[in-house]
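# Remarks on the overall topology
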Number of protein chains: 2
Amino acid sequence: MFKLDPILEKDTIFLGDLSLSRVLLMNNSLFPWLILVPRKENLSEIIDLSPRDSEVLLSEIRYLSLSFKKLFNPTKLNVAALGNQVKQLHVHVIARFENDQAWPNPVWGYDKVLYTDEQLDKIVTRLKATVFEL
Amino acid sequence: MFKLDPILEKDTIFLGDLSLSRVLLMNNSLFPWLILVPRKENLSEIIDLSPRDSEVLLSEIRYLSLSFKKLFNPTKLNVAALGNQVKQLHVHVIARFENDQAWPNPVWGYDKVLYTDEQLDKIVTRLKATVFEL
């Protein structure tokens, strides 16, 4: 049984499920930031996935990257599977801009500014419309 | 014509070429740290690769991850395509340990301690033997 890590659960907003991965929005208004979590048990590394599942994950990373490019036209996408603090396999897809607060450094360790209810409603609606066509 | 970014060239040691990617060792003895650079022109994002090439890149990431796991038995692998500072598409594969200097934070922005000639000779030989079977 897949169960989302409690830290990921706390820090994110559920957007929907793709074929393999749960798609979450990081609750940090400083960066458009998605997290993909493959919905299988006992995964920590990309190599814990079967070769076939890792290709599905890749296609989902590409799909979300294209969605982010279309929505936000970022300077750069950052894609990363780190997991030093949260062991459950998860992949960050982050839209970066030359004027964002962490640029050109990675976003981890920077401040977090939660979305207001109004901001959250707006971005969740936009993301769901683009990613899940809802 | 593929040409390696001069910053990547300066900061790394050439290990060899896989089917798609050049494999480089980051010259930083604090972390076992490989960089894969797909040998094609004008790539900055994973989505700039054809779907087929991105699958080859994924298989090379998996291959290097397995090699690192076998060689170093790390606590965690970190896999990331960031590219905020070096635009040329490159993927980091880093072996992380609970007692390394940056743990549990990401490695970017931490100190760099160059390998000594002796250390370099040893790790390059080990990596070439494992990754390229030389």
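Up top you'll find the structure we're talking about.
What this report covers is the structure whose coordinates are included nearby. (Residues numbered from 1 in each chain as written. Chains lettered and ligands numbered in written order. Predicted model: local features only at pLDDT ≥ 70, side-chain atom pairs only at ≥ 80, totals over all residues. Heavy atoms only, no water.)

## A closer look at the environment of Arg 39 of chain B
Residues and elements named next belong to chain B. Spelled out, the test is: Secondary structure counts use DSSP, requiring at least four H or I residues in a row for a helix and at least two E residues in a row for a strand, with both numbered from the N terminus. Whether a residue is buried, partly exposed or exposed follows from its accessible area with a 1.4 Å probe, protein chains only, as a fraction of its type maximum: under 20%, in between, or over 50%, in that order. Throughout, a contact is declared for two residues whenever any of their heavy atoms are within 4.5 Å.
As for its position among the elements, Arg 39 is in the loop between strand 3 (33-38) and helix 2 (51-72). Arg 39 gets classed as partly exposed once you look at its relative accessible area, which sits at 26%. Sequence separation of Arg 39 and Asn 28 is 11 residues, and the distance between their C-alpha atoms is 23 Å. Those residues in contact with Arg 39 that sit more than four places away from it in its chain are Phe 2, Asp 17, Leu 18, Ser 19, Leu 20, Ser 21 and Arg 22.

## A word on the nonpolar core
Note the threshold: Nonpolar cores are built from buried Ala, Val, Leu, Ile, Met, Phe, Trp, Tyr and Cys residues. Side-chain atoms within 4.5 Å join them into one set.
The biggest cluster of nonpolar side chains holds 69 residues, and the ones touching the most others in it are Leu 25 and Leu 127 of chain A together with Leu 25 and Leu 127 of chain B. Leu 30, Val 37 and Ile 94 of chain A together with Ala 102 of chain B belong to the second-largest nonpolar core, a separate cluster that totals 34 residues.

## Quick word on the pattern of salt bridges
Should their charged atoms come close, side chains of opposite charge can pair. What counts here: By convention in these notes, a salt bridge is any Lys or Arg side-chain nitrogen within 4 Å of a carboxyl oxygen on Asp or Glu.
Within this structure, the stated rule accounts for 16 salt bridges over all chains. With its nearest N and O atoms 2.8 Å apart, the salt bridge here joins Asp 53 of chain A to Lys 40 of chain A. Of this pair, Asp 53 of chain A sits in helix 2 (residues 51-72) while Lys 40 of chain A sits in the loop between strand 3 (33-38) and helix 2; the two residues are 13 residues apart in sequence, bridging distant segments of the chain. A relative accessible area of 14% places Asp 53 of chain A in the buried class. On the basis of relative accessible area, Lys 40 of chain A is assigned to the partly exposed category, the value being 40%. Note that Lys 76 of chain B and Glu 45 of chain A form a salt bridge whose closest N and O atoms lie 2.8 Å from each other. Of the two residues, Lys 76 of chain B is situated in strand 4 (residues 76-81) and Glu 45 of chain A in the loop between strand 3 and helix 2; the pairing between them involves two chains. A residue is classified by how much of its surface remains accessible, and Lys 76 of chain B, at 2% relative accessible area, is buried. Linked through salt bridges whose partners overlap, the residues forming this network are Lys 10, Asp 11 and Lys 112 of chain A.

## Notes on the sheet that holds strand 3 of chain B
The condition is simple: Strand pairing requires that DSSP identify at least two bridges connecting the strands. A fitted line through C-alpha atoms represents every axis, and for helices the fit uses only the stretch in contact; the resulting angles, taken between N-to-C directions, go from 0 to 180 degrees.
Taken together, 10 strands build an open sheet; the order of strands is 1(A)-2(A)-3(A)-5(A)-4(A)-4(B)-5(B)-3(B)-2(B)-1(B) and the sheet is antiparallel. A single partner strand is all that each edge strand has here, and the edge strands are strand 1 (12-17) of chain A together with strand 1 (12-17) of chain B. Looking at each pair of strands side by side, their axes are set apart by 20 degrees on average, direction ignored. Of the strands in this sheet, strand 2 (21-26), strand 3, strand 4 (76-81) and strand 5 (91-96) of chain A are in contact with helix 2 of chain A, which crosses strand 3 of chain A at around 165 degrees. Packing of helix 3 (residues 117-131) of chain B onto the sheet brings it into contact with strand 1, strand 2 (21-26) and strand 3 of chain B, and relative to strand 1 of chain B it is tilted by some 20 degrees.

## Quick look at the packing of aromatic side chains
Operational definition: Ring pairs are drawn from Phe, Tyr and Trp, using the six-membered ring of Trp, whenever the two centres fall within 6.5 Å, and their geometry is named by plane angle: stacked under 30 degrees, edge-to-face over 60, tilted for the rest.
Summed over all chains, the structure comprises 7 aromatic pairs over all chains. With a centroid separation of 6.5 Å and an interplanar angle of 25 degrees, the aromatic rings of Trp 108 of chain A and Trp 108 of chain B are classed as stacked. Residue Trp 108 of chain A is located in the loop between strand 5 and helix 3 (117-131), and its partner Trp 108 of chain B is located in the loop between strand 5 (91-96) and helix 3; the two belong to separate chains. In this structure Trp 108 of chain B comes out as buried when scored by relative accessible area, which is 17%. Site record: aromatic cluster; members linked through ring pairs are Phe 31, Trp 33 and Trp 108 of chain A together with Phe 31, Trp 33 and Trp 108 of chain B.

## Things to note about the pairing of strand 2 of chain B
Residues and elements named next belong to chain B. With 5 of 6 residues buried, strand 2 is to be regarded as a mostly interior element. Where strand 1 and strand 2 come together, 5 bridges link them in antiparallel fashion. If you follow Gly 16 over to strand 2, its bridge partner there is Val 23. Pairing of strand 2 with strand 3, which is carried by 5 bridges, proceeds in the antiparallel orientation. Each residue of the ladder has a partner; that of Ser 21, found in strand 3, is Pro 38. Between strand 2 and strand 3, which pair antiparallel and follow one another directly, the connecting turn spans 6 residues.

## Focus: the interface of chain A and chain B
For clarity, the cut-off: Throughout this description, a polar contact denotes any pair of N or O atoms lying within 3.5 Å of each other; where both atoms belong to protein, one of them has to be capable of donating a hydrogen while the other can accept it, and for residues adjacent in sequence the pair is counted only when both atoms sit in side chains. In this classification, the charged set is Asp, Glu, Lys and Arg, the nonpolar set is Ala, Val, Leu, Ile, Met, Phe, Trp, Tyr, Cys and Pro, and all remaining amino acids, among them Gly, are polar.
Taken residue by residue, the interface counts 33 residues in chain A and 33 residues in chain B. At the junction of chain A and chain B, the tally comes to 2 salt bridges. Run the count over chain A and chain B and you get 22 residue pairs in polar contact (both at pLDDT 80 or more). The element contributing the most residues to the side of chain A that touches chain B is helix 2 of chain A, with 8 residues. Classifying every residue of the side of chain A that touches chain B by side-chain character gives 15 nonpolar, 10 polar and 8 charged. Pairing analysis gives 3 bridges linking strand 4 of chain A to strand 4 of chain B, with the strands arranged antiparallel.

## A look at the relation of the copies chain A and chain B
Threshold: The copies were overlaid by least squares, fitting only the C-alpha atoms of residues that reach a pLDDT of 70 or more in each copy.
Least-squares fitting of chain A to chain B yields an RMSD of 0.0 Å, with the superposition described by an axial translation of 0.0 Å and a rotation of 180 degrees. On the angle and the small slide along the axis, the relation comes out as a two-fold axis. When each C-alpha of chain A is compared by its distance to the rotation axis, Ala 80 of chain A comes out closest, at 2.0 Å. A share of 100% of the interface residues of chain A reappears at the interface of chain B, consistent with the copies meeting face to face through the same patch.

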